[in-house]
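Chain by chain, the residues run as shown.
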Amino acid sequence: MSDFFNANLVLVQSTLTGLLLALSIQVPLRMGVFSFAGAGSYGIGAYATGILVLRYEMDALPAIALTALGTAVIGLLLGALISRLGGLYLAMATVAFDLIISVIAINGGELTGASTGLFGIITDFTTGQMFVLTVAVLALVAMSEVGRLGRRVDTVRDDPELAASMGINVRRYRLAAFVVSGALGGLAGGMNVLVRSTVGPLDIGFGLIVLALTMIIVGGSRSWKGALIGAVIFTWLPDLLTVIGEWQELVYGVIVAVAAIFLPRGIYGVLQDGTRWVQRVRRDRRAAARGGPVVDADGGLRPQEDEAAVLVAQAAEQPVRELDQLSGRTQGAP
Amino acid sequence: MQDLVSVVTLGSVYLLFALGMSITWGTIDILNFAHGSVFMFSAFSASLVLERLTLGLVPVLLIGVVVGALMSVLIQVVAFEQIIKRARDRRTAEMQILIGGIGVAIIPLAIAQHHTQSNPFGLNASSFTVESISLGGLRITNIQVLTVLLALALWAAAAVWLRRSRQGLALRAIGVDAQTAALMGVDRRRLALVTMAVAGGMAGLSGVLFTFSLGAITPESGDTLLVKAFACIILGGVGSMLGVAFGAYLLAAAEVVILTQTNGSWVEAVSFGLIFLVLLVRPAGVFGRKEVRRT
Amino acid sequence: MDLDLRRRPRRAVLAGLTAVLLLGTAACGGGDSGGGGSSEGLPETITVTSINPTTGVVAFAGNAANKGYELAVKEINESDTLEGSQLELELVDTRSEPQTAAQEATTAIADTDVAAVFGSVSSNEAIAMSPLLQQRGLPVIYTQAGSDGVVVGDYTWRATPLMSSYYPILSKYIEDQGFTSLGVLYTSATPTLQEVGSETVPQMAEDLGIDITASIDIPATTQDYSAPISQVLDSQPDAVVALLVGAANVTVMQQLRQAGYTGPVLGNSGASAGNLLPAGADGADMIWPVDFNFQQTAQSSQDFVEAYRAEYGEDPLNYAAEAYDAAWFLARSIAAAGSADREAIKDAMVSEAESTFDGALGEGLSWEDGTIVVPGVVVRWTGDGEELLYEGSGGA
């Protein structure tokens, strides 16, 4: 185990930073905010931590804490500026934000090390600390998915009007998405630079967005478990594929495409469907034994699911179609 | 003045490339991230053919168009149609298509990288040669003239097609409300295939033209253009034909001005800063219609 | 001034590394793993891993380097350099990605059979590998990888000279042609070209007493150079310097010719390896200095070229020549150490680097700050091939 750990240390570390990066884009997505600003925060975080350690000789943990705080504040400011944009327009604004960060990194002269980037960022930061930090953050994110807060977040995403009418301050939630995304991205970047000891302009480009999105979509976009699955797969897959040799890139592309096509809810969705299917079969057997009805009202696919989500999903699936066509909106207020 | 020539030619390249993306995105809701790959692979196919045959300009352009159209249709059938069939709603479909496109795009890229080892490839084996023309002190090449003319002609043709023809009407109807359009007898599948073929053909055409104009491109060249095209479309407003042209030339102008007025390295920061600002002032792009989807 | 810039970070890195080693809190606490075999004499086989990109964006350089390593290892094993011990070369692919390069370096460190590593040709990958290898004590020799942060201590070496060290041999050409002004186009996309464009060339111009009429930094994503070209030509320089990567050299040559410029263009070795072929006749008269060209006259270079042709049936690129010299340098060090122990090899490399040697890159090659120094050659592209203009006078 220890040998395996040592030989694959970089992959283990990359899985953790990949997970946080994926979460930094998944959390806003879960609130219906199509923001890729997490990738930019990752860049800022990597450089900020590097500069704090290298130029100001700070220790690892204070540097990371300061970085995450800083990127959270930047997230708040960015959110205040652009949160009123919608859909892909918001996405493009955040992509622009990310790319501007890269350009600043290249043009930062001495401070950012220009096209070479920063290197030799060596501290006493350990993989153990990294693991603890990641798990702590993961627990916080997981908490936002369950209970009252989870239902509210789902409602803000699926039906902002409904949420507003229920007295939820939608704008505040959307701003919170930017702040959390900023902190997560900054943390990911900061930790990565500490274990990797280097960061350059090429490490923080458009590719980060693609990677994070791939992890989320293929893993599953509605739960941290999906992000975890995605982070594990897309960190380790390229390494496993090296045995294929020269056509590994092609196989990688095929896998991503196939996953996107055949797993609309990601791998986590498939796992969920699997467990539900098992549950349903069991229940059907019981029902058959009793001679009761076999399928319940909404197709029997959602037993024991939290109720608000079911309500919202039902509302979305059985909308008032006429209203739809009149207004051109797919809203489904009950 | 020479800078103006640069703006117009660069803007035309952006326009030709972004046009296809804009049409599919604005009508059938497909933001095709494999567009850059189609662009590159069409030029790459043309260079492969030229290794064996000596051809003039027109056949090479045709190869580009045909390869581009075929690839796009193939991607539509194999990937995007399947995604739309399986997706729960429009929004998840949008995301899946984005990722599916990214995945599919890797495949031609890997083939071209493998063949060229990421070395540049060009079309100089063609019997057509790029020559420069001098017009009252301004220099412009024959291929640049052709690019500008084709970009504007195709742009105008596409705009008229969308506005005037029955197909165009049907397409716009899909863009506004797919369900009603289907109820009114629009064959969505066939129209989507036609649209993808047109978009792919334009990508292929721009690939060949751009490669002639630059002398050589590498397999990775398409990705760079992709981000810029994305920017052009957003700048102008999704679904607006006027918008995409505006976006293309504005982006080109911004880049050229900054490249020539400063020492260059801030070009992208300013271009993307511009996009940022435009979006703040006009949240749906300069010529964008009001967002009809929920936020 | 150049050297200052390079030394300062290096000292900082060394200080950092020392601190880490003293505190003994290496990232995973795994501690130093010793080299393969006993410290007494050479084991039967000595494993060396080449961690280089064989797929992806920089595959062309990685594959060429691997050919050089393979040829050298074959010769070393046929000769008696290692007293009957055999070098075993393992090729590992980084897929042109820094993260994979770092992962493969970690794997190599953990594998106690690996005695040394040939590091990646890409600066970004090399920077990610170097701290790990230096910290955990596994000797590495890079080729290419010309940025700061690659050579960070006695375990890290680079068998490619810095372009800024041999670029000034172009001064002779500029003087011979009687140029009195230069217009510069360069890209900041790579550290090497940025340094040459923003520091080395201006310094050369100052030394020669000539003017720089314009200097434009072209961002990585710009593919069409007509605007910056017309701006540079407007400033009416005697000659144009264009420091760009791969395909961009084709574009810049073609567009310079289209803009009416007919003179020579001073470039960089990114134009070599036939990269200019797609430009056709427009590419002719690009002139660049490089650390190796197969036509260079030194006897040791020609011996290498002959052996390479016999093995692969083609002319060697500079990547292969650098790798070849790197492998031989390692073999001599292992022989001198008389052991496959990592630390012993490192010590032997340090003392081996104090003497000069003849190799594929030329005669009288030396090492300075862990990086090889070569005379260099200047070549001209004729439109379909490389022509050797003149050779540098050694030492640089």
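Residues numbered from 1 in each chain as written. Chains lettered and ligands numbered in written order. Predicted model: local features only at pLDDT ≥ 70, side-chain atom pairs only at ≥ 80, totals over all residues.

1. Comments concerning the overall build of chain B
No. 1: From N to C terminus, chain B includes 11 helices and two strands.
No. 2: When the helices and strands of chain B are placed in sequence order, the string is α-α-α-α-β-β-α-α-α-α-α-α-α.
No. 3: The C-alpha atoms of chain B give 19 Å as radius of gyration, which agrees with the globular expectation for 295 residues (19 Å, within 12%).
No. 4: Along the first, second and third principal axes, the C-alpha set of chain B runs to 55 × 45 × 35 Å.
No. 5: Burial status across chain B gives 58% buried among its 295 residues.
No. 6: The contacts of chain B with a sequence gap of at least 6 include a subset with a gap of at least 24, amounting to 76%. (Helix = DSSP H or I, 4+ residues; strand = E, 2+ residues; numbered from the N terminus. Rg over C-alpha atoms; globule rule 2.2 N^0.38 Å. Buried ≥ 20, exposed ≤ 12 C-beta atoms within 10 Å, placed from the backbone. Contact = placed C-beta atoms within 7 Å.)

2. Some remarks on the overall build of chain A
No. 1: Scanning chain A from N- to C-terminus turns up 15 helices and two strands.
No. 2: When each of the 334 residues of chain A is scored for burial, the buried share is 54%.
No. 3: The long-range fraction of contacts in chain A, counting pairs at least 24 apart against all pairs at least 6 apart in sequence, stands at 77%.

3. Regarding the pairing of strand β8 (residues 239-243) of chain C
Residues and elements named next belong to chain C.
No. 1: Most of β8 is tucked away: five of the five residues are buried.
No. 2: Residues Ala239, Val241 and Leu243 line one face of β8 and the alternating positions Val240 and Ala242 line the opposite face, and both faces are buried.
No. 3: In the sheet, β8 pairs with strand β9 (residues 265-266) via two bridges, with the strands oriented parallel. In the strand pairing of β9, Val241 is matched with Leu266. (Pairing = 2+ DSSP bridges.)

4. Here's the deal with the sheet that holds strand β10 (residues 286-290) of chain C
Residues and elements named next belong to chain C.
No. 1: Here seven strands make up an open sheet; going across it, the order is β7-β6-β8-β9-β10-β14-β15 and the pairing mixed. Each edge of the sheet is formed by a strand with only one pairing partner; in this case those strands are β7 (211-218) and β15 (386-391).
No. 2: Across five bridges, the pairing between strand β14 (residues 377-381) and β15 is antiparallel. Directly across from Arg380, in β15, lies its bridge partner Glu387.

5. A short note on the packing of helix α6 (residues 127-143) of chain A against helix α9 (residues 170-196) of chain A
Residues and elements named next belong to chain A.
No. 1: Contact geometry for α6 and α9: axes closest at 11 Å, N-to-C directions at 170°. Overall, the two elements α6 and α9 adopt an arrangement that is roughly antiparallel. Of the residues in α9, those touching α6 at Thr127, Met130, Leu133 and Val137 are Leu184, Leu187, Met191 and Val195.
No. 2: Of the residues belonging to the contact of α6 with α9, the class tally is seven nonpolar, one polar and no charged. (Axes fitted to C-alpha atoms, helices over the stretch in contact; angles between N-to-C directions. Parallel < 35°, antiparallel > 145°, perpendicular 65-115°, else oblique. Nonpolar A, V, L, I, M, F, W, Y, C, P; charged D, E, K, R; others polar.)

6. Comments concerning the confidence of the model for chain B
All names here are of chain B.
No. 1: Overall, the prediction assigns chain B a mean pLDDT of 83, with 94% of residues at 70 or greater.
No. 2: Note that residues 291-295 has pLDDT below 50 and, in this model, 12 contacts with residues that lie over four places away or in other chains.
No. 3: Prediction confidence for the complex, expressed as pTM and ipTM, is 0.78 and 0.78 respectively. (pLDDT = per-residue confidence, 0-100.)

7. Section: unusual backbone geometry
Note on backbone geometry: most residues besides glycine have negative phi, and most peptide bonds are trans.
No. 1: One non-glycine residue, Asp29(B), lies in the positive phi region at around 65°.
No. 2: Within the element layout of this structure, Asp29(B) appears in the loop between α1 (2-28) and α2 (35-52).
No. 3: Of note, Gln144(C) is a non-glycine position whose phi angle comes to about 55°, a positive value.
No. 4: Tracing the backbone shows Gln144(C) in the loop between β4 (140-142) and β5 (156-158).

8. A closer look at the interface of chain C and chain B
No. 1: With 32 residues of chain C in contact, the opposing surface of chain B contributes 34 residues.
No. 2: For the side of chain C that touches chain B, the secondary structure elements donating two or more residues are α2 (59-78), β7, α8 (226-234) and α9 (246-258) of chain C.
No. 3: Here the side of chain C that touches chain B gets six residues from one element, more than from any other, and that element is α9(C).
No. 4: For the side of chain C that touches chain B, the residue count by class is 13 nonpolar, 17 polar and two charged.

9. Regarding the UniProt feature "transmembrane region" (unreviewed entry) in chain B
No. 1: Taking the UniProt record as the reference, the feature "transmembrane region" (unreviewed entry) is found at residues 56-80, 92-111, 143-162, 192-217, 229-254 and 266-287 of chain B.
No. 2: The span residues 56-80 of chain B is 96% helical and 0% strand by assignment, and the distance between its end C-alpha atoms comes to 35 Å. (UniProt positions renumbered as here; feature names shortened; annotations may be inferred.)

10. Brief notes about the confidence of the model for chain A
No. 1: Scored by pLDDT, chain A comes out at a mean of 80, with 87% of its residues at no less than 70.
No. 2: Low pLDDT, under 50, characterises residues 294-334 of chain A; the predicted model gives this stretch 46 contacts beyond four residues in sequence or across chains.

11. Here's the deal with the interface of chain B and chain A
No. 1: Taken together, the 44 residues of chain B in the interface contact 40 residues of chain A.
No. 2: Those elements giving two or more residues to the side of chain B that touches chain A turn out to be α3 (57-86), α4 (90-116), α9 (221-236) and α11 (267-281) of chain B.
No. 3: Of the residues forming the side of chain B that touches chain A, the biggest block, 15 residues, is contributed by α4(B).
No. 4: In terms of residue class, the side of chain B that touches chain A is built from 26 nonpolar, 11 polar and seven charged.

12. Things to note about α2(B)
No. 1: For α2(B), with 18 residues, the first-to-last C-alpha span of 27 Å sits near the 26 Å given by 1.5 Å per residue.
No. 2: Most of α2(B) sits inside the fold, with 14 of its 18 residues counted as buried. (Expected span 1.5 Å × (residues − 1).)

13. As for helix α2 (residues 9-30) of chain A
Because each turn of an α-helix spans 3.6 residues, side chains separated by three or four positions in sequence point in the same direction.
Residues and elements named next belong to chain A.
No. 1: Over its 22 residues, α2 runs 31 Å from end to end, which matches the ideal 32 Å to within 8%, given 1.5 Å per residue.
No. 2: Within α2, 21 of the 22 residues are buried, which leaves the element mostly enclosed by the surrounding structure.
No. 3: Two residues or fewer past α2, Gly32 is found with a positive phi of approximately 80°.

14. Digging into the environment of Asp234(C)
No. 1: In this structure, Asp234(C) sits in helix α8.
No. 2: In this structure, the C-alpha to C-alpha distance between Asp234(C) and Asp384(C), residues 150 residues apart in sequence, is 29 Å.

15. Structural notes on the environment of Val373(C)
No. 1: Along the chain, Val373(C) falls in strand β13 (residues 371-373).
No. 2: Each C-alpha atom of the pair Val373(C) and Tyr166(C) lies 8.3 Å from the other, and the pair is 207 residues apart in sequence.

16. Considerations on the pairing of strand β1 (residues 45-52) of chain C
Residues and elements named next belong to chain C.
No. 1: With seven of eight residues buried, β1 lies mostly within the body of the structure.
No. 2: Where β1 lies against strand β3 (residues 114-119), four bridges are found, and the strand directions are parallel. Note on β3: the bridge partner recorded for Val48 is Ala116.

17. Quick look at the packing of α2(A) against helix α10 (residues 206-219) of chain A
Residue and element names in this part refer to chain A.
No. 1: With their axes 9 Å apart at the nearest point, α2 and α10 run at an angle of 75° to one another. As summarised for this structure, α2 and α10 are arranged roughly perpendicular, according to the angle between their axes. Contacts from Gly18, Leu21, Ala22, Ile25, Gln26 and Leu29 in α2 reach Leu208, Ala212, Leu213, Met215 and Ile216 in α10.
No. 2: Tallied by class, residues from the contact of α2 with α10 come to nine nonpolar, two polar and no charged.

18. A closer look at the environment of Met166(A)
No. 1: With respect to the helices, strands and loops of the structure, Met166(A) is situated in the loop between α8 (160-165) and α9.
No. 2: Separated by 123 residues in sequence, Met166(A) and Ala289(A) have C-alpha atoms that sit 42 Å apart.

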